[in-house]
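So the chains spell out like this:
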Amino acid sequence: MVKFMTLIPFLVSTWLMMPVTVAQLENFTQLAANNPQQALELYPEYLAELDAQNIDMQVALRIEALLAAMNGRSWPAFVTITESLKAPEIQSVLEEKRFKLLTRIGVAYRYNNQLEQAKLHYQCALGLADSDLELATLKVNLAIVFRLLEQPAMAFQLIDSIDSEQLTMRVKAGYSVVRGNILQSLHRFDDALASFEQAHQLYIKMDNQQHRVSITRNILGAALASKQPQSYVKYRVTYQDEISQYSAKSRDYLTWMDIISDSRQKGVLSAKDEAFLQQHITPLAELGYKEALKEHLKSINALHLYPKQIAARKGEQALPDNLGKPWCALL
């Protein structure tokens, strides 16, 4: 056992000394999505091993490192990598990758709740899509931003312009979730429930258990908001056990919904339950359930518990404005 454990570091260090291959870059991309911190640790070593003349690989590695920094919410690293992409000698190669670059910058701004900047960078990328699928995916991202900016009509116009039949199953599932969220913002809870259920079925087909369980939370909220207790009971049966792997806030939302459901049946809201609802309104609204929460409270004559204003979320560390300016004439 000791010999084996001492051999691994040697093999890893020897491997990193070898030129980075296309296959290793593909593995790095997977790491950026699934283990972003480890990808960021490997990034400078990979960069050092790249041939200085291989501009294509250098650009590709940097753009995938942006994905790692974005997923890891490592904003100083994100800014540093973006700055490195401004080098004059790589602009000819970067020209054909502007769509991916600007989209990634837009997603980073959205993750960090800098929504106006996200919108600007997505709009910069609109004319750069190479395929209907790229354009549809970008429209989904832009629709998310419009909804978060409390412009649901604009968000719906965008999402409704997409031909969902052209989407891959994975993208269609995400599209159905976003469409459902937008429909909730428009107080169309029946339609939202149908859209969430479509996403649920797609995640079952893809055997994506994590997303299937996650969308169940949306289904439960929409079922209560649209006053469909049968649907609530149907999806609620297994959710108690499945939610154990998720955050406390997810469990809080389940408790919230159970209180609403129970109060409807009994026609009364206890002082203890009222205190719970009031305590959790703001954090749950920040998770994106604002319209459903209001409808839940309205259905038990407790809308007075909802605060007059909920402050917009902000990222812990703001990204500089207009990071994509070198690649977008609109900025």
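Structure's up top.
Description of the structure in this document. (Residues numbered from 1 in each chain as written. Predicted model: local features only at pLDDT ≥ 70, side-chain atom pairs only at ≥ 80, totals over all residues. Heavy atoms only, no water.)

### Some remarks on the packing of helix H7 (residues 98–111) against helix H8 (residues 115–125)
Applicable threshold: Between N-to-C directions, angles cover 0 to 180 degrees, with each direction set by a line fitted to C-alpha atoms, over the stretch in contact for helices. Put simply, DSSP H or I for four residues or longer makes a helix, DSSP E for two residues or longer makes a strand, and each gets a number counted from the N terminus. If an angle is under 35 degrees, it is roughly parallel; if it is over 145, roughly antiparallel; if it lies from 65 to 115, roughly perpendicular; otherwise it is oblique. If you view the pair so one helix is near and one far, a crossing is left-handed when the near helix is turned anticlockwise from the far one by less than a right angle, and right-handed when it is turned clockwise. Contacts are assigned to residue pairs that have any heavy atoms within 4.5 Å of one another. Asp, Glu, Lys and Arg are counted as charged, while Ala, Val, Leu, Ile, Met, Phe, Trp, Tyr, Cys and Pro are counted as nonpolar; the rest, among them Gly, fall into the polar class.
The N-to-C vectors of H7 and H8 enclose an angle of 165°; their axes lie 8 Å apart at closest approach. On the basis of the axis angle, H7 is roughly antiparallel to H8. Considering only the axes of H7 and H8, their crossing is left-handed. Only Leu115, Gln117, Ala118, His121, Tyr122, Cys124 and Ala125 of H8 make contact with H7, whose side of the interface consists of Phe99, Leu102, Thr103, Ile105, Gly106, Val107, Tyr109 and Arg110. Each residue belonging to the contact of H7 with H8 can be placed in one class, and the counts come to 10 nonpolar, 4 polar and 1 charged.

### Description of the pattern of salt bridges
Which entries qualify depends on this criterion: Should a side-chain nitrogen of Lys or Arg be within 4 Å of a carboxyl oxygen of Asp or Glu, the pair is scored as a salt bridge. Three exposure classes are used, based on accessible area relative to the maximum for each residue type with a 1.4 Å probe and protein chains only: buried under 20%, partly exposed in between, and exposed over 50%.
Taken as a whole and assessed by the stated rule, the structure comprises 12 salt bridges. Across the pair Lys119 and Glu116 runs a salt bridge whose closest N-O atoms are separated by 3.2 Å. Here Glu116 and Lys119 lie together in helix H8, a separation of 3 residues that amounts to about one turn. Judged by relative accessible area, Lys119 falls into the buried class, the value being 15%. Ionic pairing is found between Asp191 and Arg188, a salt bridge with its closest N-O pair at 3.0 Å. Each of Glu64, Lys100 and Arg104 takes part in one network of salt bridges that share partners.

### Some details on the side chain of Thr82
Applicable threshold: Pairing of N or O atoms within 3.5 Å defines a polar contact, subject to two protein rules: one partner must be a possible hydrogen donor and the other a possible acceptor, and residues neighboring in sequence count only if both atoms are side-chain atoms.
Looking at where Thr82 falls in the secondary structure, it is placed in helix H5 (residues 75–84). For Thr82, the side chain forms a polar contact with the main-chain oxygen of Phe78, separated by 2.8 Å. Residues in contact with Thr82, not counting those within four places in the same chain, are Leu66, Ile105, Leu323 and Trp327.

### Concerning the packing of aromatic side chains
So the rule is basically this: Pairs were defined over the aromatic rings of Phe, Tyr and Trp, the Trp ring being its six-membered one, requiring ring centres within 6.5 Å. Orientation was assigned from the angle between planes: stacked under 30 degrees, edge-to-face over 60, tilted for the rest.
In the structure shown here, the tally under the stated rule is 3 aromatic pairs. Here Phe28 and Tyr46 contribute two aromatic rings whose centre-to-centre distance is 5.5 Å and whose plane-to-plane angle is 35°, an arrangement assigned as tilted. Of the two residues, Phe28 is situated in helix H2 (residues 22–34) and Tyr46 in helix H3 (residues 36–49); the sequence distance between them amounts to 18 residues. The exposure class of Phe28 is buried, given its relative accessible area of 1%.

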